[in-house]
Amino acid sequence: MASILGIDTIQHQSGTTAMTIDNNGHVLKPSQPAFESWYTGGNLTFNSGSDAALTYNNVTQQGGTNYNTSTGKFTVPVTGFYCLTLKNNFYNIADGNIFYHGLIQNGTGFGTDEVTIESYETSSHSTLDWILSSTIIRKYTASDTLQPYVRVGD
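Please read these numbers as outputs of a predicted model, since none were measured by experiment.

Rules behind the numbers
- Residues numbered from 1 in each chain as written.
- Predicted model: local features only at pLDDT ≥ 70, side-chain atom pairs only at ≥ 80, totals over all residues.
- Heavy atoms only, no water.
- Helix = DSSP H or I, 4+ residues; strand = E, 2+ residues; numbered from the N terminus.
- Contact = heavy atoms within 4.5 Å.
- Phe/Tyr/Trp six-rings, centres within 6.5 Å; stacked < 30°, edge-to-face > 60°.
- Buried < 20%, exposed > 50% of the residue type's maximum accessible area, 1.4 Å probe, protein only.
- Polar contact = N/O pair within 3.5 Å; in protein donor to acceptor, adjacent residues only side chain to side chain.

Participant: Explanation requested: the side chain of threonine 145 in the structure shown.
Facilitator: Locating threonine 145 in the fold gives a position in strand β12 (residues 145-152). Contact partners of threonine 145, with chain neighbours within four places excluded, come to Lys73, Phe74, Thr75, Ile104, Gln105, Asn106 and Gly107.

As structure tokens, then:
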């Protein structure tokens, strides 16, 4: 004889929802963030030879509000593996200058913080537009923050 267990939600004793099953029998998992953020406005200018935090001022989010358009930081909601892609367009980079982009993990300053993704290119022509694109899949811990940054020049 088969047994049936009728449960809509499974929770931790503290009340945190672990899993919900909808009316169609689909398992709904909490805290699965997906977002796309981008910058609109005039071109940003950065001082050569220094790191600069990027703040994308637009975002479309699903499954949470983990990207902050005021700080430019993504806060990891749940420990697990995340796939992050960073794409930036650079203009007017002097010939021979190196330009970078990346993500700083739990950053308070660029000199000592951990870079979790970084790409760079050397400009060979100052009138060209350059696009850097990077992807990382990595395990992060709940409450980690990730801050996009750029650097132009050494």
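Participant: Whenever I open this one, the packing of aromatic side chains confuses me. Can you help?
Facilitator: Any aromatic ring pair is given by two values, namely how distant the centres are and how the planes are angled relative to each other. For the structure shown, the criterion picks out six aromatic pairs. Ring centres of phenylalanine 35 and phenylalanine 74 lie 5.0 Å apart, and the angle between their planes is 20°; this geometry places the pair in the stacked category. Here phenylalanine 35, found in strand β4 (residues 34-38), pairs with phenylalanine 74, found in strand β7 (residues 74-75); they are 39 residues apart in sequence, far enough to count as distant. A relative accessible area of 30% means that phenylalanine 35 is categorised as partly exposed. Assessed through its relative accessible area of 4%, phenylalanine 74 is described here as buried. An aromatic cluster is defined as three or more aromatic residues linked by ring pairs; in this entry it consists of Phe35, Tyr67, Phe74, Tyr82 and Tyr140.

Participant: So what exactly am I meant to see when it comes to the side chain of serine 119 here?
Facilitator: Within the secondary structure layout, serine 119 lies in strand β10 (residues 114-122). In this structure the side chain of serine 119 is engaged in a polar contact, spanning 2.2 Å, whose partner is the side chain of serine 134. Not counting chain neighbours up to four residues away, the residues in contact with serine 119 comprise Phe99, Tyr100, His101, Leu132, Ser133 and Ser134.

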